[in-house]
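An overview of the molecular structure
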Amino acid sequence: MLPWFRTILRGGRLFSTEATTQTITLRPYQEHCLQACQDALNAGSSRIGCSLPTGSGKTTIFISLLSRISPPSSNPRASRSLIIVNSIELARQSAEQVARLFPSWTVQIEQGVKHLASGTADVTVATYQTLLQPERFAKFDPTRLKAVIIDECHHAAAPSYLKLLSHFDSNIRNPDPNFEPPTLQHKIPIIGFSATLSRHDGIALGSVFERIVYHRDFLSMIKDQWLSGVRFTTVQANINLDGVTVNSRTGDFNATSLAHVINTDTINQLVVQTWLDRAAERRSTLVFCVNIAHVRALTQVFRGFGIDARYVYSKTPIAERKALIASFKAGQFPVLVNCAILTEGADIPNIDCVVVARPTRSRNVFAQMIGRGMRLSPDTGKKDCRIIDFVDSANRVSGIMSTPTLFGLDPADLVIEDETLESLEEKSSAQIALQDADNVPDPESVTYTDYEDPFAFISKFSGLSPHINQLSSYAWVGCGSDIYVLECLGKGFIRIEKVEATDVPAHFSARFTPAALDRATAAGLKVSPFLRSRRILQSEDLSEAIKGCDTYAKTKVVFGPMAIGLLRSARWRKAPATPQQIALVTKRLKKTLDDDHELKNITKGEAANIITRLKHGAKRRHDQKVKQASVATKAAEKERARRAREEVRIGPLPLV
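First, a word on scope: everything that follows refers to the structure included in this document. (Residues numbered from 1 in each chain as written. Predicted model: local features only at pLDDT ≥ 70, side-chain atom pairs only at ≥ 80, totals over all residues. Heavy atoms only, no water.)

**Examining the overall build of the protein**
In plain terms, the rule: Each helix is a run of DSSP H or I of at least 4 residues and each strand a run of E of at least 2, with the numbering of both proceeding from the N terminus. Burial classes: relative accessible area under 20% of the type maximum marks a residue as buried, over 50% as exposed, and values in between as partly exposed (1.4 Å probe, protein chains only). In this description, contact between two residues means that some pair of their heavy atoms is separated by no more than 4.5 Å. Each accessible area is a Shrake-Rupley estimate made with a 1.4 Å probe; only the visible protein chains count as cover when residues are assessed.
Within the protein, the regular secondary structure consists of 21 helices and 22 strands. In the protein, buried positions account for 51% of the 656 residues. Within the protein, residue pairs in contact and separated by at least 24 positions form 69% of the contacts whose partners lie at least 6 positions apart. Counting only carbon and sulfur atoms, one obtains 52% of the accessible surface of the protein, whose full area is about 31800 Å².

Printed below as a string of structure tokens:
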């Protein structure tokens, strides 16, 4: 037992046997955090949050804060403090830290059947699960509390926490509509601490906290050497996450669905082989898996290579889990594989390698996982921590968090091999500078854009695709999806269409469809006015296809001087549109001439272009693309909102 924590456990109460007062030397940022909390409390805020990364000493900060909060003048008897945590490990850590920093305080743990607090200690550390039992919660009198601390407070907006916290502040709504808040003599400060003070599931932390008063991210703390140095390695793996379902509440992958893709012999072999190649010399590696089956399978692969790997998960008995973590902390075996159990609250400073073998869409979860290796541990010879994560080599799925995306880099364009924080930031800055550069080089190729809405740009582009103007003087009409049509003055039409098939190279195919009857006669007979189409040519190049079709049109379809009518500049195209043309266009537009002033001045050529596009499916394709774009926009907005919820900013928190 450590010399500063010689205690006797009696009925959940820890009686300190040392009277020596410990001198607390706080780091500058810890002092700044404490000052920010005190300033907010003095200004009248009573529900505040602080965001600090793993390894920053949050426990030391909030225990020190309790020492600086005095009972309110209106209620001098309110001298007790309650610390709410979400695991027995965190409860023990907090209780031990209280006893070490302030030996004169009495501290108790309220958890399960083994730890029964009296409710009268100076500080009580309790798990929220135990406090949800009415008879356990009843022993804590709100009128005697000077402060409530919530560790890992990103959970605080959950209904289970709201049931508890509403007893300490009437502004926090209890999910039970029949709940009647107690009458309190004073405002009880409710102060939350977390490494990830945000929620990606959309539940507003503003339902608990009024504002965030302090934030420090792990990247800045690594730079200032308050956390361990890091070396990053990203492995591009043949992982297809397209079919993996996403939890609508959390926005992250569903574990069962994800495991079907990740927990395979090939991927597990890749994980272990990567570790052997890049981290075999590391003393303490923590591996994060998808689910229990994945934990067991990956552990077996490690062992198959002769590595002493062990695993821990939620069903591991508490005594066994405690002994296993203690052995790992003592460096008695090199690899510990886990699933979710060590994402929060694990104080294992000697971890010098973290393997993220479970893809996540959550910045919070990713930061929590790699944060396990951020603690300083000079006593064990730790110099830095290697982070190994795996990304989809085809970059199929957007929204996945990884080392590159953490720095704003594209995982598809960057191989990360033994990179430091500084080198990754340099790459990020270089990429941003390249994107912002004014001297953009000339493109090596041109991507054409078709205006597929058959009614768009009537005046500006006369209904024509702009790039076709550079290829031909004839009135070719772009109908979208690489389809181009030349109407041949009532004698039929030539259609060029791009063909993409798996068995032949992509090419452009051109066909001529001759007219057999005029439209009026065909309509009266209720038959098609066209004969069967015939193939003209095939070309890999659009410009060659256009040139060949131009020649065919003026030599095989429209002869002699009549070919002038095919030109974009033909005189007939500038004449006013006929009543029949306008009637058809307005019918399809579902407008009248009075609704749209552009239609009043539409020319015969412009109307012909619109009608051609309608005949050849441009409207159908356009409507389909509009629908697809709308779906994509909504998905992108949903993803943007999810990512925004993970951003931590100092200031007031929204209620929703």
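**Re the packing of aromatic side chains**
Our working rule: In summary, the pairing rule links any two rings of Phe, Tyr or Trp, Trp by its six-membered ring, whose centres are within 6.5 Å, and it sorts them by plane angle into stacked for under 30 degrees, edge-to-face for over 60 and tilted for everything else.
In this structure the tally under the stated criterion is 10 aromatic pairs. Taken together, a centroid distance of 5.7 Å and an interplanar angle of 80° make the contact between Trp-275 and Phe-302 edge-to-face. Note that Trp-275 is positioned in helix H9 (residues 265-278) and Phe-302 in helix H10 (residues 292-304), a separation of 27 residues in sequence. Look at Phe-302 and you get buried, because its relative accessible area is 0%. Where Phe-512 meets Tyr-552, the ring centres are 5.9 Å apart and the plane angle is 55°; that geometry is what we call tilted. Taken together, the residues Phe-512 in strand E20 (residues 507-514) and Tyr-552 in helix H17 (residues 542-557) connect sequence positions 40 residues apart. Assessed through its relative accessible area of 5%, Phe-512 is described here as buried.

**A look at the packing of helix H2 (residues 58-68) against helix H3 (residues 88-101)**
We count it as follows: Working convention: axes come from line fits to C-alpha atoms, limited for helices to the stretch in contact. Angles between N-to-C directions cover 0 to 180 degrees. When describing relative orientation, an angle under 35 degrees is termed roughly parallel and one over 145 degrees roughly antiparallel, while 65 to 115 degrees is termed roughly perpendicular and anything else oblique. Crossing handedness is defined as follows: a turn of the near helix away from the far one that is anticlockwise and smaller than a right angle gives a left-handed crossing, while the clockwise case is right-handed. Each residue gets one of three labels, nonpolar for Ala, Val, Leu, Ile, Met, Phe, Trp, Tyr, Cys and Pro, charged for Asp, Glu, Lys and Arg, and polar for the others, Gly among them.
Where H2 meets H3, the axes come as close as 10 Å, and the angle between the chain directions of the two elements is 55°. Overall, the two elements H2 and H3 adopt an arrangement that is oblique. Along this stretch, H2 crosses H3, giving a crossing that reads as right-handed. Only Ser-94, Gln-97, Val-98 and Leu-101 of H3 make contact with H2, whose side of the interface consists of Thr-59, Thr-60, Phe-62 and Ile-63. Of the residues that constitute the contact of H2 with H3, the class distribution is four nonpolar, four polar and no charged.

**With respect to H3**
Defined as follows: Every helix has an expected span of 1.5 Å times one less than the residues it contains.
The end-to-end C-alpha distance of H3, which contains 14 residues, comes to 20 Å, matching closely the 20 Å that a straight helix rising 1.5 Å per residue would cover. Within the span of H3, buried status applies to Ile-88, Leu-90, Ala-91, Ser-94, Ala-95, Gln-97, Val-98, Ala-99 and Leu-101.

**Brief notes about the nonpolar core**
As a rule of thumb, nonpolar side chains are buried together in soluble globular proteins. For the record, the criterion: As used here, the term nonpolar core means buried Ala, Val, Leu, Ile, Met, Phe, Trp, Tyr and Cys residues forming a set that is joined through side-chain atoms within 4.5 Å.
If you look at the biggest cluster of nonpolar residues, it comprises 67 residues, and the most contacted ones within it are Ile-83 and Phe-193. Counting residues per element, this core draws most heavily on helix H1 (residues 28-42), which supplies seven residues. Setting aside residues no more than four positions away along its own chain, Phe-193 makes contact with Cys-33, Cys-50, Leu-52, Lys-58, Ile-61, Phe-62, Leu-65, Ile-149, Ile-150, Asp-151, Glu-152 and Cys-153. Core analysis: the second largest hydrophobic core is formed by 32 residues, Leu-241, Ile-267, Phe-302 and Val-355 among them.

**Topic: the sheet that holds strand E19 (residues 492-499)**
Rules: For two strands to be treated as a pair, DSSP must find at least two bridges joining them.
Taken in spatial order, the five strands of this open sheet run E17-E18-E19-E20-E21, and their pairing is antiparallel. The sheet is open, and its two borders are formed by strand E17 (477-478) and strand E21 (534-539), each paired with just one other strand. Bridging between E17 and strand E18 (residues 483-487) involves two bridges; their strand directions are antiparallel. Bridge assignment links Gly-478 to a residue of E18, and that residue is Tyr-484.

**Focus: the pairing of strand E5 (residues 107-110)**
Residues Val-107 and Ile-109 line one face of E5 and the alternating positions Gln-108 and Glu-110 line the opposite face, and both faces are buried. Sheet topology places E5 next to strand E6 (residues 123-127); four bridges connect them, and they run parallel. Bridge assignment links Val-107 to a residue of E6, and that residue is Val-123.

**Let's talk about the side chain of Ser-362**
Here is the rule we go by: Here a polar contact means two N or O atoms within 3.5 Å. Within protein one must be a hydrogen donor candidate and the other an acceptor candidate, and residues neighboring in sequence count only if both atoms are side-chain atoms.
With respect to the element layout, Ser-362 can be found in the loop between strand E14 (353-356) and helix H12 (363-371). Given the relative accessible area of 0%, Ser-362 is considered buried. A polar contact of 3.2 Å, which involves the side chain of Ser-362, links it to the backbone nitrogen of Asn-364. Among the polar contacts made by the side chain of Ser-362, one reaches the main-chain amide nitrogen of Val-365 at a distance of 3.1 Å.

**Considering the pairing of strand E3 (residues 47-51)**
Within E3, five of the five residues are buried, leaving the element largely enclosed by the surrounding structure. Because side chains alternate across E3, one face comprises the buried residues Arg-47, Gly-49 and Ser-51, and the other comprises Ile-48 and Cys-50, equally buried. When E3 meets strand E8 (residues 190-194), the two strands line up parallel, connected through five bridges. Note that in E8 the partner of Cys-50 across the bridge is Phe-193. By the bridge criterion, four bridges tie E3 to strand E9 (residues 211-215) in an arrangement that is parallel. In the sheet register, Gly-49 faces E9, and the bridge partner there is Ile-212.

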